[in-house]
Amino acid sequence: MPKAPKQKKQRTRGQRIRRRVTVGGVVALVLGVVAVVLLSVYVGNRALIAKDQLQAAQGQLTTFKSALGQPDAPSTAALYEQLQAHTTKAAQQVDDPVWSAFETLPVLGPNLKAFRQTADLVNGLVHDGVGPLAKAADGISVDSLKPKDGAIDIEPLQKLTPAMGDIDDAITAADRSAAAIDTKDVVPQLKDPIVKVRSMLDQAAPVTHELRKVMPVLYPALGGDGARHYLLIFQNNAEERASGGNPAAMAMLVLDHGKVKLGRQGNSGDFPRPYTVPPYSPKGAGEADWHEIYSDYASTYVTNITMTPDFPTTAKMARAMWRGVYGGKVDGVISFDPVALSYLMKATGPVKLVDGTTIDSSNAVSFLLSGVYAKYTDPTVQNVIFASAAQSIFTAITHGQGDPKSYLDQLQPMMDDQRLKMWSVRSDEEDLLMTSPLGNMLPADNTKGTVLGVYNNDDATSKMSYYMNEAVDVTTDTCKPTPKYTVTAKVTNVLTAGEAAGLTPYVLAAQQRIPFGGDRQWVQLYGPVGAKLTAVYIDGQKVVWGTALQPQFNTNPYATGADNHRPAVKGDMYGRPVGVVSITIPVSSTVTVKGVFTGGTDAGSRVSVSHTPKVREVPVTLDTATCG
């Protein structure tokens, strides 16, 4: 019997509706997934494009940096256009509503947000900072600033000055933006580049801040707004003074719209010896103990104006003395020494002097500080040789001898050694100089670190300082509420008795009670700002402070000898405690001076030593207590 056909099950209306809803939900879900996938692909594609553009911009930026200031380099303006095209496209890719929506998602969102912020940061830096610099620097190279025929083309400085302000503003803004990027939940592949950007900005910011301050004064300082007259003082390290040496040789440097001329030259014989009334008597803030520390000799003899490490004071005395003898304008004072000249000669190469002697970076110091005295015993002839050296090197520099980059390379060691110093009569320029090593040897406070001073002043009327070496050791204990600083200076006479016998009388010590071949000098110890001088020792013997009227009480007679009548004095200069003692150093011997200072306005561990720029390097060792 055949089976009866099955009857289709009849669905109710509700079942039919539920089925349609279920199918619709699946379709919607599928469409939603597809949409998310498509949007994810969309965002991912934009991210890849932005990433590629930023990588291309990085390579372009390297090319741009290499082209800055280089002769025959590609146009910086053209390079900037290519660079800007990359960063603009990268920024456009992340400036998108879908991208913004995805930034709200967990995990993925923080990465997208950090990426967008980085792209915007880089684009802003390029547009607002690199752009103005690229346009201003286009066609300008280091060689274009090189002196030619006694003149410097200073017009490029006018173009570059406003661009420095623009790039400094851009870096400051980028630095703030970088600090605002939250990298806590960002993957390492993105976090590492962000950290590198921050590091780059941290390194660049101090440079652009400084250039922004310096650039506006360069053009007028080089005579752009009218002739400038700078007094050059040449410090002879063979006869030491606190800031270098006896400034017996001077000359006037004139800069007029970039044209450089060496004018009148003078020497110590042109000035009164001594002045009955000092042309300039230090009476400024912090100089109340000037006469006790330095005596009138420092302000009444031109050869002694460098007895203080405070270069503005030295410059004011030099300016007053020069104008009193020669008259005329003095807009500023620049100081350097033979060692600084030897650095410059690494750039200029050898020069020939008036007597036919050829000097270069390897023999300039030994000839100018020792050989000239052995070769010529007449001081007048010696001065002619010194003037010839200055003129020859000046001519080499102003006529473009040497590579400009080499000059820039030598500038840093000259400043590090405190061999190059500058002072300006204009307050804005002087304020700027005082924030750099060019302006002064000791900072006005301890905010950037605790700086101690060790300085030497020849007291033998000789050229014996050429044979005096020095080493400085500093021990600090800042673990206690009252910090303690112990400064030890060891002065060594490197001469033997046999070598001393071969020196001319002009070189040997001329003062009484100095053993043959020996030297006598003042040692100045400066403590931190706000500190106190606790004690000073000479070869272990404690110094007894006195006055010039009671020399028997000035120092321990076993240390220096009371018969020298050299007062050991202490006082306060520029907010710092100072102790000054006299020492005599026989041939082949060492004398040790130790000073102990306590307190100060900062107990930080950043301690350094400023010392007299000597003929040879002064090794400095620092021993800082470890606080448990």
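Structure: above.
To start, this report covers the structure provided alongside it. (Residues numbered from 1 in each chain as written. Predicted model: local features only at pLDDT ≥ 70, side-chain atom pairs only at ≥ 80, totals over all residues. Heavy atoms only, no water.)

## As for the pattern of salt bridges
Working step 1: Considering all chains together, one arrives at 16 salt bridges under this definition.
Working step 2: Residues Asp120 and Arg116 are paired through a salt bridge, measuring 3.8 Å at the closest nitrogen-oxygen approach. Here Asp120 and its partner Arg116 are both found in helix H4 (residues 108–137), four residues apart, which amounts to about one turn of the helix.
Working step 3: Take Asp120: its relative accessible area is 34%, and that puts it in the partly exposed class.
Working step 4: On the basis of relative accessibility, which here comes to 22%, the residue Arg116 falls in the partly exposed class.
Working step 5: Close ionic contact of Arg212 with Asp168 constitutes a salt bridge, the shortest N to O distance being 3.1 Å. A residue pair is termed long-range when its members are at least 10 positions apart, and Arg212 in helix H6 (residues 188–221) and Asp168 in helix H5 (residues 155–179) qualify at 44 residues.
Working step 6: Each of Glu103, Arg116 and Asp120 takes part in one network of salt bridges that share partners. (Salt bridge = Lys/Arg side-chain N within 4 Å of Asp/Glu carboxyl O. Helix = DSSP H or I, 4+ residues; strand = E, 2+ residues; numbered from the N terminus. Buried < 20%, exposed > 50% of the residue type's maximum accessible area, 1.4 Å probe, protein only.)

## Observations concerning the sheet that holds strand S11 (residues 519–526)
Working step 1: Reading across the sheet, the five strands line up as S14-S15-S11-S8-S17 and stay open at both edges, with mixed pairing between neighbours. Both outer strands of the open sheet, strand S14 (569–573) and strand S17 (607–611), are each paired with one neighbouring strand and no more. Across the sheet, the mean angle from the axis of one strand to that of its neighbour is 25 degrees, orientation sign disregarded.
Working step 2: Sheet topology note: the S11/strand S15 (residues 576–585) ladder contains eight bridges and is antiparallel. Looking at the pairing, Leu525 lines up with Gly579 of S15. (Pairing = 2+ DSSP bridges. Axes fitted to C-alpha atoms, helices over the stretch in contact; angles between N-to-C directions.)

## A short note on the pairing of S14
Working step 1: Alignment of S14 against S15, held across five bridges, turns out to be antiparallel. Across the sheet, residue Lys570 finds its bridge partner in S15, namely Gly579.
Working step 2: The loop that links S14 with its antiparallel partner S15 comprises two residues; one of these, Tyr574, has a positive phi angle of about 55 degrees.

## Let's talk about the environment of Tyr537
Working step 1: Mapping Tyr537 onto the fold places it in strand S12 (residues 531–538).
Working step 2: In sequence terms Tyr537 and Thr592 are 55 residues apart; their C-alpha atoms lie 8.0 Å from each other.
Working step 3: Apart from residues no more than four positions distant in its own chain, Tyr537 is found in contact with Lys542, Val543, Thr592, Val593, Lys594 and Val596. (Contact = heavy atoms within 4.5 Å.)

## Brief notes about the state of the cysteines
Working step 1: Under the criterion given, the structure shown has one disulfide.
Working step 2: Cys479 shares a disulfide with Cys627; S-S distance 2.0 Å. With the S-S bond torsion at -95 degrees, the cross-link from Cys479 to Cys627 turns out left-handed. Linking Cys479 in the loop between strand S9 (468–477) and strand S10 (484–493) with Cys627 in the segment after strand S18 (620–624), this pair joins segments that are 148 residues apart in sequence. (Disulfide = S-S within 2.5 Å.)

## Let's talk about the environment of Ile293
Working step 1: Take Ile293: it is sitting in helix H7 (residues 290–294).
Working step 2: Taking the C-alpha atoms as reference points, Ile293 and Lys570, separated by 277 residues in sequence, lie 6.7 Å from one another.
Working step 3: Leave out the neighbours within four places in its chain, and Ile293 touches Val569, Lys570, Gly571, Met573, Val578 and Val580.

## Examining the sheet that holds strand S3 (residues 259–267)
Across a sheet, paired strands are connected by hydrogen bonds in the backbone, their directions being either parallel or antiparallel.
Working step 1: One open sheet accounts for five strands, arranged S3-S2-S1-S4-S7; its pairing is mixed. Looking at strand neighbours, the two that pair on one side only are S3 and strand S7 (421–424), the edges of this open sheet. In this sheet, adjacent strand axes meet at a mean angle of 25 degrees when their direction is disregarded.
Working step 2: Of the strand pairs in this sheet, strand S4 (residues 332–336) and S7 are connected by four bridges, and their pairing is antiparallel. Residue pairing in the sheet places Ser335 in a bridge with Lys421 of S7.
Working step 3: Helix-sheet contacts for helix H9 (residues 311–326) involve strand S1 (228–241), strand S2 (244–256), S3, S4 and S7, and the interaxial angle to S7 is about 65 degrees.
Working step 4: Helix-sheet contacts for helix H10 (residues 338–348) involve S1 and S4, and the interaxial angle to S1 is about 115 degrees.

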